[in-house]
Amino acid sequence: MDRPRITIFDTTLRDGEQSPGCSMNVREKLHLAQQLDRLGVDVIEAGFPIASDGDFEAVQRIAATVRRPIIAGLARACSGDVDRAWQALQGAARPRIHVFLATSDIHLKYKLRITREQCLEQAREAVRHAKSLCADVEFSPEDATRTDVAFLCQVVEAVIAAGATTVNIPDTVGYSMPEEYGQLIRTLREKVAGIDKVTISTHCHNDLGLAVANSLAGVQQGARQVECTINGIGERAGNASLEEIVMAMRVRPDRYPYETAVASEQLYASSQTLAEITRVPVQPNKAITGRNAFAHEAGIHQDGMLKNPLTYEIMTPQSVGVPDSRLVLGKHSGRHALALRCEQLGHQFERRELDEIYRRFVVLADRIKKVQDSHLLELIQDVMRGDVSKGHVSSSDVAGSPGKKFPPAAATLPFPRAASAAAGSNSNELHFAQAASSDGQAETRPGCPPPTNWFGGVPFTDHHSEQEDYLWGV
Ligand SMILES: [Zn+2]
């Protein structure tokens, strides 16, 4: 069965560019537009031509250069704006004029100082004018989600009659809730004459972190265009994130049985291109494109990943263009992950050697958080040279007296059973849980239950050796 096709309308260059610190010059905009083309978006909103000469030129250059997608130019609902947008779009293979006018009472009263009747007439006139220039006209009732629903229906019906081909429903202030937004789309479909002839579009802001959820709710109720931005940039808290919308549909077609033309393997490159141009870094935990989105540090996760990525990955890094799933080596990493990284660096070790490397690795990781390959290589060389003193944690180090090379936390050695009495004396201060193993030595871990409880009370020493990895950082 054919799945409904969702038009991806990228507004990174318009709404996104309006976010603080994200302004781009003409050359940069063109560069990003070319990447958006490779990404396969259907519509690129290239700018707001009347806003500045730079915006005008950017729209013009993009229209002349990027030929596959529709190129949209934004315009307020007045002839000057519409004419300027049309002028900028002259060279476009597939131009679209995007007209907007606020419709909520609060905007009409305080911002525009017009009545609902005047608003209705202005919207109708502007769309009619745009339609006289360009076959593809989109209309957005700004602040639609705070607009009286009956009045919103009236405006939408009027602009459809005037020739709009796409009607966009902006949650301009990010106020809506998913069910509410979906219901609004459903109401428009039920009440507005001619709505079946046009494409309904979502445009959701992220002030409450719901932009993607709201957009998807809109799609479920019949919206067939989603307006979004790379990395979710945009006014204030941003817009719906393009990569999250696309991958939600791709990963969960059972819940969102829709298609987009986006080449998901280009998502990471698009995100990186934008971050490089704007010098606004992507938050590390950003879904899909953040640097930690596919990183696994906890030992049990790493071990599972190495056995079968499906254990912890709902999509492959390759599917969104991330070169590889990076196993971050940190203090929560297990031996299995460490051994693999050593192998990747060209070193294979016997169990005993690996024990020593792992012991030193944990001490190091506790100090520097993230162990780079260079650190690991140095450590490997030390062990191979038989240098047992370097990085070794003596019991006095473990005691954590001031001025020591290692902080007290360095006592969190899972193997071998090193941190004995001295660590025990600090147990309260360091929040160590400890338990005596069968040989009478203390097993210590920070802030975790005693190992004896980890596998339903099975004595620690009886564990399968591989399970030792799991004891360190779930
Ligand atoms: Zn917006």
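Bear in mind the structure is a predicted one, so any value in this text is a computation, not a measurement.

### Let's talk about the coordination of the zinc ion
Stage number 1. Within the first shell, the zinc ion binds the protein through Asp15 (OD), His203 (NE2) and His205 (NE2), at distances of 1.9 to 2.1 Å.
Stage number 2. Along the chain, the residues donating to the zinc ion fall in the pattern D-x187-H-x1-H. In this pair, Asp15 sits in the loop between strand S1 (7-10) and helix H1 (26-39) while His203 sits in strand S7 (residues 199-204), placing the two residues 188 residues apart along the sequence.
Stage number 3. A relative accessible area of 2% means that Asp15 is categorised as buried.
Stage number 4. Its relative accessible area of 5% is what places His203 among the buried residues.

### With respect to the layout of surface pockets
Stage number 1. Roughly 410 Å³ of internal volume is contained in the largest pocket.
Stage number 2. Every residue lining the largest pocket is counted, 26 residues in all, and those nearest its centre are Asn231, Gly232, Ile233, Gln283 and Lys286.
Stage number 3. Counting only elements with at least two residues in the lining of the largest pocket, the list comes to helix H8 (211-220) and helix H10 (267-278).

### Points about unusual backbone geometry
In most cases, non-glycine residues show a negative phi, while peptide bonds are predominantly trans.
Stage number 1. The phi torsion at Asp143 lies on the positive side, around 60°, for a residue other than glycine.
Stage number 2. Residue placement: Asp143 occurs in the loop between strand S5 (137-142) and helix H6 (149-161).
Stage number 3. Overall, the relative accessible area of 0% leaves Asp143 in the buried class.
Stage number 4. Here the phi dihedral of Lys369 falls at roughly 70°; this positive angle occurs in a residue that is not glycine.
Stage number 5. Relative to the assigned elements, Lys369 resides in the loop between helix H13 (351-368) and helix H14 (373-384).

### Quick look at the confidence of the model for the protein chain
Stage number 1. Predicted confidence across the protein chain gives a mean pLDDT of 82, with 80% of residues reaching 70 or more.
Stage number 2. Across residues 389-474, where pLDDT falls below 50, the model places 151 contacts with residues more than four positions away in sequence or in other chains.

### Examining the packing of helix H7 (residues 178-191) against H8
In a pair of packed helices, the angle between the axes and the distance between the axes together describe the arrangement.
Stage number 1. Where H7 meets H8, the closest approach of the two axes is 8 Å, and the angle between their N-to-C directions is 35°. Considering the relative orientation of H7 and H8, their crossing is right-handed. Contacts between H7 and H8 involve Pro178, Tyr181, Gly182 and Ile185 from the former and Ala213, Asn214, Ala217 and Gly218 from the latter.
Stage number 2. Tallied by class, the residues present in the contact of H7 with H8 amount to five nonpolar, three polar and no charged.

Reading guide: rules and limits
Residues numbered from 1 in each chain as written. Predicted model: local features only at pLDDT ≥ 70, side-chain atom pairs only at ≥ 80, totals over all residues. Heavy atoms only, no water. Donors = N, O, S within 2.8 Å, 3.2 Å for Na, K, Ca; no water. Helix = DSSP H or I, 4+ residues; strand = E, 2+ residues; numbered from the N terminus. Buried < 20%, exposed > 50% of the residue type's maximum accessible area, 1.4 Å probe, protein only. 1 Å grid on protein atoms, 1.4 Å probe; cavity = no way out; pocket = protein on both sides within 12 Å on 5 of 7 lines; lining within 4 Å. Points joined across faces, edges and corners; volume = space filled by probe spheres on them. pLDDT = per-residue confidence, 0-100. Contact = heavy atoms within 4.5 Å. Axes fitted to C-alpha atoms, helices over the stretch in contact; angles between N-to-C directions. Left-handed = near helix turned anticlockwise from the far one by under 90°. Nonpolar A, V, L, I, M, F, W, Y, C, P; charged D, E, K, R; others polar.

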